[in-house]
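# Chains, contacts and geometry: an overview
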Amino acid sequence: MELFLRRIMHGLRWMLVGAVAVAVIGGGVVLASFGSGGTAAAAVRPDQAHTQGNPAVTREQATAKAVEAVPGGTVQSAELDTDRNVTVWEVDVRGTDGIDYEVRVDAGSGAVLSHDRDDD
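Residues numbered from 1 in each chain as written. Predicted model: local features only at pLDDT ≥ 70, side-chain atom pairs only at ≥ 80, totals over all residues. Heavy atoms only, no water.

## Side note on the sheet that holds strand 3 (residues 100-106)
Here is the rule: Should DSSP find at least two bridges between two strands, the strands are regarded as paired. Each helix is a run of H or I in the DSSP string that is no shorter than four residues. Each strand is a run of E no shorter than two, and both are numbered from the N terminus. Axis definition: a line fitted to C-alpha atoms, over the contacting stretch in the case of helices. Angles run 0 to 180 degrees between N-to-C directions.
The four strands lie next to each other as 1-2-3-4, forming an open sheet whose pairing is antiparallel. Whereas interior strands pair on both sides, the edge strands pair on one side only; in this sheet they are strand 1 (74-83) and strand 4 (112-117). Across the sheet, the mean angle from the axis of one strand to that of its neighbour is 20 degrees, orientation sign disregarded. Of the pairings in the sheet, the one linking strand 3 to strand 4 comprises five bridges and is antiparallel in character. When the sheet's bridge partners are listed, Val-105 is paired in strand 4 with Val-112.

In structure tokens, the structure reads:
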């Protein structure tokens, strides 16, 4: 009987070691998930995948779209940025009235997503 109980305890010990290992590994994945904004890996939509490193819309095309959105404006700067897994050109334009605007242009389609007064 004593031998039987030792074997059971030995088996339970290894099950416990395995459970702890799973908990540690799983906990690491959960912590990594929290560190990345709640997602373990950011999903990229297939229609946006090509814009991540090499946008379909060039800087020149994006700045032209921005000037269309702010007629007569002068481009101050243009930066490629990713917002919610969509790559956009953020173009700063100074209007003829002297007010600065930020125009967001989709780097995949060239569509003007927004143009707002830049109060920064």
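Now, onward.
## Describing helix 2 (residues 59-69)
Put simply, the rule reads: A simple rule labels every residue: compare its accessible area, found with a 1.4 Å probe on the protein chains alone, to the largest value its type can have, and call it buried under 20%, exposed over 50%, or partly exposed in between. To obtain the arc, one takes the directions from the helix axis to the C-beta atoms. Whether two residues are in contact is decided by their heavy atoms, any of which lying within 4.5 Å being enough.
Within the span of helix 2, buried status applies to Ala-62, Thr-63 and Ala-66. In an axial view of helix 2, the angular spread of the buried residues amounts to 95 degrees, which keeps them on one side of the axis. When the buried face of helix 2 is taken as reference, the exposed residues oriented beyond 90 degrees from it are Glu-60 and Glu-68. Among the structural elements, strand 1, strand 2 (86-94) and strand 3 are those in contact with the buried residues of helix 2.

## Regarding the pairing of strand 1
Relative to strand 2, strand 1 runs antiparallel, the two being bridged by nine bridges. The partner of Asp-83 across the bridge, within strand 2, is Val-86. The turn joining strand 1 and strand 2, which pair antiparallel and follow one another in sequence, is formed by two residues; a positive phi near 55 degrees is taken by Arg-84.

## As for the side chain of Thr-63
Along the chain, Thr-63 falls in helix 2. Aside from chain neighbours lying at most four places away, what touches Thr-63 is Val-75, Ala-78 and Val-91.

## Thoughts on the nonpolar core
What counts here: In this description, a nonpolar core means a group of buried Ala, Val, Leu, Ile, Met, Phe, Trp, Tyr and Cys residues linked to one another through side-chain atoms lying within 4.5 Å.
In terms of nonpolar packing, the biggest core is built from twelve residues, these being Val-57, Ala-62, Ala-66, Val-70, Ala-78, Trp-89, Val-91, Val-93, Tyr-101, Val-103, Val-105 and Ala-107. Within the residue set of this core, elements represented by two or more residues are helix 2, strand 2 and strand 3. For Trp-89, the residues in contact, after removing those within four places along its chain, are Pro-55, Val-57, Thr-58, Arg-59, Ala-62, Ala-78, Glu-79, Leu-80, Val-103, Arg-104, Val-105 and Ala-107.

## Quick word on the pattern of salt bridges
Our working rule: Salt bridge, as used here: a side-chain nitrogen of Lys or Arg that lies within 4 Å of a carboxyl oxygen of Asp or Glu.
Under the defined criterion, the tally for this structure stands at three salt bridges. With a shortest N-O distance of 2.9 Å, Asp-83 and Arg-104 are connected by a salt bridge. With Asp-83 in strand 1 and Arg-104 in strand 3, this pair connects stretches of sequence that are 21 residues apart. For Asp-83, a relative accessible area of 30% corresponds to the partly exposed category. A salt bridge links Arg-117 to Asp-119; the nearest nitrogen and oxygen atoms lie 3.6 Å apart.

## What to know about the environment of His-115
Note that His-115 resides in strand 4. For the pair His-115 and Ala-69, spaced 46 residues apart in sequence, the C-alpha separation works out to 7.1 Å. Leaving out residues up to four positions away in the same chain, His-115 has contacts with Ala-69, Glu-102 and Val-103.

## Brief notes about the side chain of Asp-106
The test is simple: Pairing of N or O atoms within 3.5 Å defines a polar contact, subject to two protein rules: one partner must be a possible hydrogen donor and the other a possible acceptor, and residues neighboring in sequence count only if both atoms are side-chain atoms.
Inspection of the secondary structure assignment puts Asp-106 in strand 3. Among the polar contacts listed, one links the side chain of Asp-106 to the backbone nitrogen of Ser-109, at a separation of 3.1 Å.

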